[in-house]
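# Coordinate analysis (summary)
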Amino acid sequence: MDITNPSDQPAASPAYFFVGIGGSGMMPLAMILAGRGATVAGSDRNLDQGRVPAKFADLAAKGVALFPQDGSGIVSPDQRVVASAAIEANVPDMIAAGALGCPRATRAELLASLFNDSRLPVGVAGTSGKSTVTGMIGWILHAVGRNPTVMNGAVMKNFATPDAPFASALVGAGDIFVSEVDESDGSIAHYAPRIAVLNNVSLDHKSLEELRVLFGGFIARAETAVVNANDPDAAALASRLPRGQVTTFAIDASADLRAENLKPEPFAIQFDLVSRGARTRVKLAVPGRHNVSNALAAIGAAMAADVSLPDAVKAIAGFTGLRRRFDLVGEAAGVAVIDDFGHNPDKIAATLDTLHAFPGRLLLLFQPHGYGPLKVMGTELVATFVERMAPDDLLVLPDPAYYGGTVTREVTSADIVAQIAAGGRDARHIADRAEAAAALVAEARPGDRIVVMGARDDTLSVLAAGMVDALAAR
């Protein structure tokens with residue numbers, strides 16, 4: 001597909017140039033700036049490689065000028081160059097920016113600036129659940145007419161339309177800016193929220209000691225911190241703050257917002273919300289105990305933004321979820337195919353627990369999102385799969401996602417598979433992802449659930465859809 005500058009977009013000197021504009025954190029930020037009237041352009045190696053063309057077509061339709069990642073889009077020292085964390089200094093765009101003396105900003109610096117400048121910044125942090133809670137808060141505020149701006153790392157189904165299929169951002173005219181904030185690169189330290197949500201503290205990209213410092217500082221800077229009392233580390237951080245600064249939430253434990261009497265369904269869940277002695281039945285159109293916790297966090301944040309509890313409960317019932325978060329892609333030949341963002345131990349455990357609450361074998365395809373994360377989380381990933389898989393489940397690992405650049409391959413998918421197999425679970429290494437998917441399709445029988453898991457790769461959704469087609473063609 002040939003995407004060039006739109007006819008109404010001048011080629012010279014766009015105000016912002018995003019290097020890696022298709023990234024999950026870059027695209028919504030670019031969409032917010034474009035939606036606010038800024039001139040935005042960018043490049044992406046996935047565009048050059050022809051990956052996920054619909055995403056870049058959507059950007060182009062919004063007036064974003066797209067260029068090859070060869071330096072040709074950096075033409076003026078007036079351009080502000082924004083680079084994602086995955087961009088190396090030797091990328092031609094970065095070399096061109098250096099030669100011209102363009103001002104630069106990281107994605108996190110630019111987002112933090114927009115966030116902190118808003119009148120009511122609402123930040124969502126934690127190792128897991130950030131995107132879902134952000135989407136829930138955004139939907140509640142939208143439904144009650146607060147017209148928020150929302151910055152998400154995932155497509156929010158409630159806001160996705162044929163004209164906006166990649167709705168990971170919402171541009172509103174209100175005074176609220178809702179954003180998930182990232183701890184993996186330490187950039188969470190740049191954010192000054194008025195309302196801060198902390199879902200959980202667990203191993204992902206950094207050590208627990210580093211995470212405690214980052215998350216503790218984040219909630220301390222807020223006027224109201226909404227914190228998960230079920231998570232020991234999060235609760236410990238909250239205990240250091242004045243009691244009036246904290247709203248706690250928990251499932252079947254003492255908290256300001258407490259969930260009881262959970263009633264799970266295959267793709268939904270209900271529970272009682274107990275707050276200040278009052279009991280309210282809550283219905284969610286997304287499944288799992290983890291989403292009950294997410295909903296409590298979102299309701300707590302909405303109440304801190306002056307939304308009434310009844311209005312928040314009514315609104316959240318209409319939340320339809322995020323793409324790639326326990327996303328039912330389709331069913332064929334009696335087999336359901338689910339696309340899921342599960343990539344760290346907590347997320348994977350939540351997905352497997354939710355599925356094992358109902359009958360059916362699980363056929364799992366897990367693509368690690370890089371060799372670095374595999375090294376950091378390898379031991380915990382192995383333990384999660386060994387403990388959470390059922391004896392008749394099957395796990396297949398292709399090689400980790402890799403898009404170029406330098407990387408140390410100290411721990412591989414084959415290493416992880418060997419350890420899981422040694423733990424007594426059926427795990428196989430099939431290096432090529434297409435072959436791994438084909439193996440699961442061939443193995444599947446009626447009643448099975450196929451789950452495609454992994455992060456940082458939009459083509460996993462394409463793979464999942466192709467598996468549905470392959471099942472139907474058998």
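Residues numbered from 1 in each chain as written. Predicted model: local features only at pLDDT ≥ 70, side-chain atom pairs only at ≥ 80, totals over all residues. Heavy atoms only, no water.

### Remarks on the environment of Asp-231
Basically, it comes down to this: A run of H or I in DSSP counts as a helix once it spans at least four residues, and a run of E counts as a strand once it spans at least two, with each numbered from the N terminus. We call two residues in contact when some of their heavy atoms are within 4.5 Å.
Within the secondary structure, Asp-231 sits in the loop between β11 (224–228) and α8 (232–238). If near-sequence neighbours (up to four positions away) are discounted, Asp-231 is found in contact with Asn-199, Asn-200 and Val-201.

### Details of the packing of helix α14 (residues 433–443) against helix α15 (residues 459–472)
Stated formally: Working convention: axes come from line fits to C-alpha atoms, limited for helices to the stretch in contact. Angles between N-to-C directions cover 0 to 180 degrees. Whether a crossing is left-handed or right-handed is set by the direction in which the near helix is turned from the far one by less than a right angle, anticlockwise for left-handed and clockwise for right-handed. Classification convention: Asp, Glu, Lys, Arg as charged; Ala, Val, Leu, Ile, Met, Phe, Trp, Tyr, Cys, Pro as nonpolar; all other residues, Gly among them, as polar.
Between α14 and α15, whose axes approach to 10 Å, the crossing angle comes to 35°. Seen from above, α14 lies across α15 with right-handed handedness. For the pair formed by α14 and α15, the contact residues are Arg-433, Ala-437, Leu-440 and Val-441 on the first element and Thr-459, Leu-460, Leu-463, Met-467, Ala-470 and Leu-471 on the second. Looking at the contact of α14 with α15 residue by residue, the classes come out as eight nonpolar, one polar and one charged.

### Side note on the packing of helix α1 (residues 26–35) against helix α5 (residues 107–117)
For any two helices packed against each other, the geometry comes down to the angle between their axes and how far apart the axes lie. Rules: With respect to orientation, any angle under 35 degrees is reported as roughly parallel, any angle over 145 as roughly antiparallel, any angle of 65 to 115 as roughly perpendicular, and every other angle as oblique.
The geometry of α1 relative to α5 is characterised by a closest axis approach of 11 Å and an angle of 45° between their N-to-C directions. Viewed along their axes, α1 and α5 adopt a mutual orientation that is oblique. Judged by the sense of rotation from one axis to the other, the crossing of α1 with α5 is left-handed. The segment α1 lies against α5, with Met-26, Leu-29 and Leu-33 engaging Arg-107, Leu-110, Leu-111 and Leu-114. A breakdown of the residues in the contact of α1 with α5 according to their chemical character gives six nonpolar, no polar and one charged.

### Thoughts on the pattern of salt bridges
Opposite charge on two side chains makes pairing possible when the charged atoms of those side chains draw close. Applied cut-off: Salt bridges, as used here, are contacts in which a Lys or Arg side-chain nitrogen is within 4 Å of a carboxyl oxygen on Asp or Glu. Remark: exposure states derive from per-residue accessible area (1.4 Å probe, protein chains only) relative to the maximum for the residue type, with buried under 20%, exposed over 50%, and partly exposed in between.
Across all of its chains, the model carries 16 salt bridges by this definition. A salt bridge links Asp-327 to Lys-157; the nearest nitrogen and oxygen atoms lie 2.7 Å apart. With a gap of 170 residues between them, Asp-327 in strand β16 (residues 327–332) and Lys-157 in the loop between β7 (149–151) and β8 (169–170) connect regions that are remote in the sequence. Among the residues examined, Asp-327 registers a relative accessible area of 10% and is labelled buried. Put simply, Arg-258, Glu-260, Asp-272, Arg-279 and Arg-281 are held in one network by salt bridges that share partners.

### Comments concerning the confidence of the model for the chain
Keep this limit in mind: Confidence of the prediction at every residue is given by pLDDT, a number between 0 and 100.
Residues at a pLDDT of 70 or more form 95% of the chain, whose mean pLDDT is 91. Counting interchain partners and residues more than four positions distant, the pLDDT-below-50 stretch residues 1–13 has 23 contacts.

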